[in-house]
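Examination of the molecular architecture
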Amino acid sequence: MASENETPKSGSSSNGGETPKHKIALIAGITGQDGSYLTEFLLEKGYEVHGLIRRSSNFNTQRINHIYIDPHNSQKARMKLHYADLTDASSLRRWFDSILPDEVYNLAAQSHVAVSFEIPDYTADVVATGALRLLEAVRSHIATTGRSHIKYYQAGSSEMFGSTPPPQSETTPFHPRSPYAASKCAAHWYTVNYREAYGLFACNGILFNHESPRRGENFVTRKITRAVGRIKIGLQSKLFLGNLVASRDWGFAGDYVEAMWLMLQQEKPDDYVVATEESHSVEEFLEVAFGYVGLNWRDHVVIDKRYFRPAEVDNLKGDSSKARKVLGWKPKVGFEQLVKMMVDEDVELAKREKVLVDAGYMDAQQQP
Ligand code: NDP
Ligand code: GDR
């Protein structure tokens, strides 16, 4: 898919100050798991969606290809893509001034906790300072144009709670355990500060882990379900993992993007924890995923020290009562349903890979 880099011509920005026909959303991180679900959600609600994508030597739009319409078909294209990067402040401000968004969702991040120990400096630049650059773009855009109704969403994380024991709510102290988590704490406080200092409508969503068949393949849930699919179909035999006793509050990403949107529909900006309020260990995830297709995980899983982290977050379990009360939000997909949904999709994916392997187009050993 090619990406568009020209100035958009539709929406409230271009109709000479008339009442906008539809809201305009700007999503940083549109190519990620959450970006793809949020885009679908907002298009369904009638929004025009603009996404910032970063330059990559390979196309990085696989998760949104199914909703992409060539911008030359401008009557139908309601999702538009623009090159930008959270490490490049000039690109952010430029797109604000031409897109004129009503809502801004900052989902962009180097989002892998273990990788953040390998590239801490870059992680801080994107996750912490990147959020600050985006907030500053909103603030300076409002100062110049007077468009003070803009609303900003910051993708905060349960990782910020780190070693503080569960249940974790909006009032639980942060104790981050990785460069990623510390950077998310900085982004959280930048967001609070811009709200207090400049009166920005800025919200922090403190979201607990959320997964889906679109989850990146090196996060533990998807790594497991990809392996289950490939083992079931005969393309793989072993799965190398790290710490199996860590517990997470795992929900479905499709449910969580609704909470992001709901935060921006309130009268006042605020911060909300979003969670299922159930916690399961990695081992429990293995039990359900392998058991669902009649396999025993103990026959396949090998512990590899490489996947242990310098500091671990042992136990996360959210208290999302505020979001449930104020936003009227609650998760629709439970733990077992989520695992089975991911396994079902990954068994189908493995079947397609098997066709390629049998035809000689793919190496059977080539693991994700
Ligand atoms: P993903 O890793 O799937 O997506 C991250 C997105 O950020 C991708 O679109 C990626 O682009 C983009 N990105 C990375 N670096 C930059 C950069 N320098 N400039 C611009 N864009 C960049 O994450 P998720 O969708 O899972 O998560 C969305 C957000 O929510 C993230 O901020 C994450 O930290 C946070 N979060 C996620 C949770 C979860 O369980 N999923 C829980 C709590 C918070 P590309 O496709 O090119 O890599
Ligand atoms: P997390 O997710 O660190 O919670 O961050 P991840 O799936 O990476 O790890 C969850 C737990 O599983 C353990 N684990 C392994 N993890 C990975 N990735 N690979 C392995 O082989 C493995 N073996 C065991 C980990 O040690 C950990 O305890 C996710 C990201 O989406 C963040 O961006 C987000 O902010 C948080 O969730 C909430």
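Anyway, here's the lowdown on the structure attached to this text. (Residues numbered from 1 in each chain as written. Chains lettered and ligands numbered in written order. Predicted model: local features only at pLDDT ≥ 70, side-chain atom pairs only at ≥ 80, totals over all residues. Heavy atoms only, no water.)

What to know about the pairing of strand β3 (residues 79-83)
β3 sits mainly inside the fold: four of its five residues count as buried. In terms of strand pairing, strand β2 (residues 48-53) meets β3 through five bridges, oriented parallel. Bridged to I53 within β3 is Y83. (Buried < 20%, exposed > 50% of the residue type's maximum accessible area, 1.4 Å probe, protein only. Helix = DSSP H or I, 4+ residues; strand = E, 2+ residues; numbered from the N terminus. Pairing = 2+ DSSP bridges.)

Some remarks on the pattern of salt bridges
Here the structure, examined in full by the defined rule, presents 24 salt bridges. As a salt-bridge pair, E348 and K351 come within 3.1 Å of each other at their nearest N and O atoms. Placement of both E348 and K351 in helix α10 (residues 335-358) is noted, with a separation of three residues, approximately one turn of the helix. We classify E348 as partly exposed; its relative accessible area is 38%. Owing to a relative accessible area of 41%, K351 belongs among the partly exposed residues under this scheme. Through salt bridges with shared partners, a single ionic network connects E217, R222, R226, R230, D346 and E353. (Salt bridge = Lys/Arg side-chain N within 4 Å of Asp/Glu carboxyl O.)

Some thoughts on the nonpolar core
Membership of the largest hydrophobic core comes to 62 residues, with the highest contact counts inside it found for L42, Y105, Y153, I224, M263 and L286. No other element matches helix α7 (residues 253-264), which puts nine residues into this core. In this view, M263 contacts Y153, F201, C203, N204, G205, L207, Y272, V274 and L327; residues no more than four positions away in its chain are not counted. One finds L26, L52, L86 and A131 within the second-largest nonpolar core, a separate group that totals 25 residues. (Core = buried A, V, L, I, M, F, W, Y, C linked by side-chain atoms within 4.5 Å. Contact = heavy atoms within 4.5 Å.)

Side note on unusual backbone geometry
Residue P167 is reached from P166 by a cis peptide bond, and omega for that bond is -5°. Tracing the backbone through its elements, the reader meets P167 in the loop between β5 (151-157) and α5 (179-198). Notably, L100 is not glycine yet its phi reads approximately 50°, a positive angle. Within the secondary structure, L100 is located in the loop between α2 (89-99) and β4 (103-106). Backbone geometry places E277, a non-glycine residue, at a positive phi of 75°. Mapped onto the elements, E277 comes out in the loop between β11 (271-274) and β12 (280-281).

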